[in-house]
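# Observations on the three-dimensional arrangement
These are the residues of each chain, in order.
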Amino acid sequence: LFDFTRSSAYNAAKKKFLGFEFLSRYTAGRFSSELNMTVQKLLSGEGDYSTYFKLYNIPACQLNAIVACEVAKGLKLHANANFMSGMQTTFIDYMAADEKEMLRLLDVPSRFLLNVGASWQWKRLEADFNVNNVLNHTYRLGGSCVAPLPQQGLWFMGCVAYKF
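Residues numbered from 1 in each chain as written. Predicted model: local features only at pLDDT ≥ 70, side-chain atom pairs only at ≥ 80, totals over all residues. Heavy atoms only, no water.

### Focus: the overall build of the protein
Convention followed: Working definition: helices are DSSP H or I runs of at least four residues, strands are E runs of at least two. Numbering for both runs from the N terminus. Classification of residues uses two cut-offs on accessible area relative to the type maximum, computed with a 1.4 Å probe and protein chains only: under 20% is buried, over 50% is exposed, and between them is partly exposed. Computed with the Shrake-Rupley method and a 1.4 Å probe, the accessible areas treat only the protein chains shown as cover for residues.
Helix and strand content of the protein: zero helices and eleven strands. Mapped in sequence order, the helices and strands of the protein form the string β-β-β-β-β-β-β-β-β-β-β. The buried share of the protein, taken over its 164 residues, is 20%. Of the accessible surface of the protein, which amounts to about 11,800 Å², a share of 59% is contributed by carbon and sulfur atoms.

### A few points about the side chain of Asn115
Applied cut-off: Contacts described as polar in this section are N or O atom pairs within 3.5 Å, which, within protein, must combine one atom able to donate a hydrogen with one able to accept it, while residues neighboring in sequence count only if both atoms come from side chains. Any two residues whose heavy atoms approach within 4.5 Å at even a single point are treated as in contact.
As for its placement among the helices and strands, Asn115 is situated in strand β7 (residues 111-122). A distance of 2.7 Å separates a polar side-chain atom of Asn115 from the backbone nitrogen of Asn133. Setting aside anything within four residues of it in sequence, one finds Asn115 in contact with His78, Ala79, Asn80, Val131, Asn132, Asn133 and Val134.

### With respect to the pattern of salt bridges
Defined as follows: Think of a salt bridge as a Lys or Arg side-chain nitrogen and an Asp or Glu carboxyl oxygen that are within 4 Å of each other.
Scanning all chains against the criterion turns up two salt bridges. For Glu34, the salt bridge goes to Arg25, with nearest N and O atoms at 2.9 Å. Two residues, Lys163 and Glu126, come together in a salt bridge whose shortest N-O distance is 3.1 Å. Note that Lys163 is positioned in the segment after β11 (155-162) and Glu126 in strand β8 (residues 125-132), a separation of 37 residues in sequence.

### Concerning the environment of Thr90
Of note, Thr90 is situated in strand β5 (residues 87-92). Separated by 33 residues in the primary sequence, Thr90 and Asn57 place their C-alpha atoms 7.7 Å from one another.

### Some details on the pairing of β8
Test applied: When DSSP finds two or more bridges between a pair of strands, those strands are recorded as paired.
Relative to β8, β7 runs antiparallel, the two being bridged by seven bridges. Each bridged residue has a counterpart across the sheet, and for Ser119 the counterpart in β8 is Asp128. Between β7 and β8, which pair antiparallel in sequence order, lie two residues; one of them, Lys123, sits at a positive phi of approximately 50°. Pairing between β8 and β11: eight bridges, direction antiparallel. In the strand pairing of β11, Asn132 is matched with Trp155.

### Brief notes about a nonpolar patch on the surface
For the record, the criterion: Patch building starts from residues that exceed 30% relative accessible area and form no salt bridge, then joins like charges within 9 Å and nonpolar side chains (Val, Leu, Ile, Met, Phe, Trp, Tyr) within 5 Å.
A cluster of nonpolar residues, Phe112, Val116, Phe129, Val134, Leu135, Leu154 and Phe156, forms a patch on the protein surface that exposes about 600 Å² of accessible area. Along the chain, Phe112 falls in strand β7. Looking at Phe112, the relative accessible area reads 38%, which means it is partly exposed.

### Remarks on the packing of aromatic side chains
Centre-to-centre distance and the angle between the planes together describe a pair of aromatic rings. What counts, and what does not: Two aromatic rings from Phe, Tyr or Trp, using only the six-membered ring of Trp, form a pair when their centres are within 6.5 Å; if the ring planes differ by under 30 degrees the pair is stacked, by over 60 it is edge-to-face, and anything between is tilted.
Per the stated rule, a full pass over the model turns up three aromatic pairs. Aromatic pair Tyr26 and Phe31: ring centres 6.5 Å apart, planes at 55°, arrangement tilted. Arranged with centres 5.1 Å apart and planes meeting at 75°, the rings of Tyr162 and Phe164 form a pair that is edge-to-face. On the basis of relative accessible area, Tyr162 is assigned to the partly exposed category, the value being 46%. Of the residues examined, Phe164 reaches a relative accessible area of 84% and is grouped as exposed.

Written out as structure tokens, the structure reads:
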């Protein structure tokens, strides 16, 4: 058997977090809401991948709120607000002249997204229409091996379904 923990190609990390998650739901008649908040702090991180690798891509705060209301029989309107705090991410620049310059730190700013939509149901027929990123916010997300990629601005999605 091969012991990956002793390999120089082993790509794992040790980390210690402190955080909490809050979830709240409320329903009254035809109205419902949900709030989810996560706060986390990376206390320490150490990578086995390289001597200069640390943990990134960790937002300190994430907040998600959803409200929905049935405005008529079978017709529901809903809205979703999502916030993610800024963070630092890494980018491995394979074109760098020196190995020590390969790892670049990039700041990813916080973002706020707003989505709205409607759903309609009649007997076995269902239809949904959603407007995502209503404010057409420009933002980027990425991982440790690629630079943060531009994400979709304002976009629409519809769906029609029939349940047999």
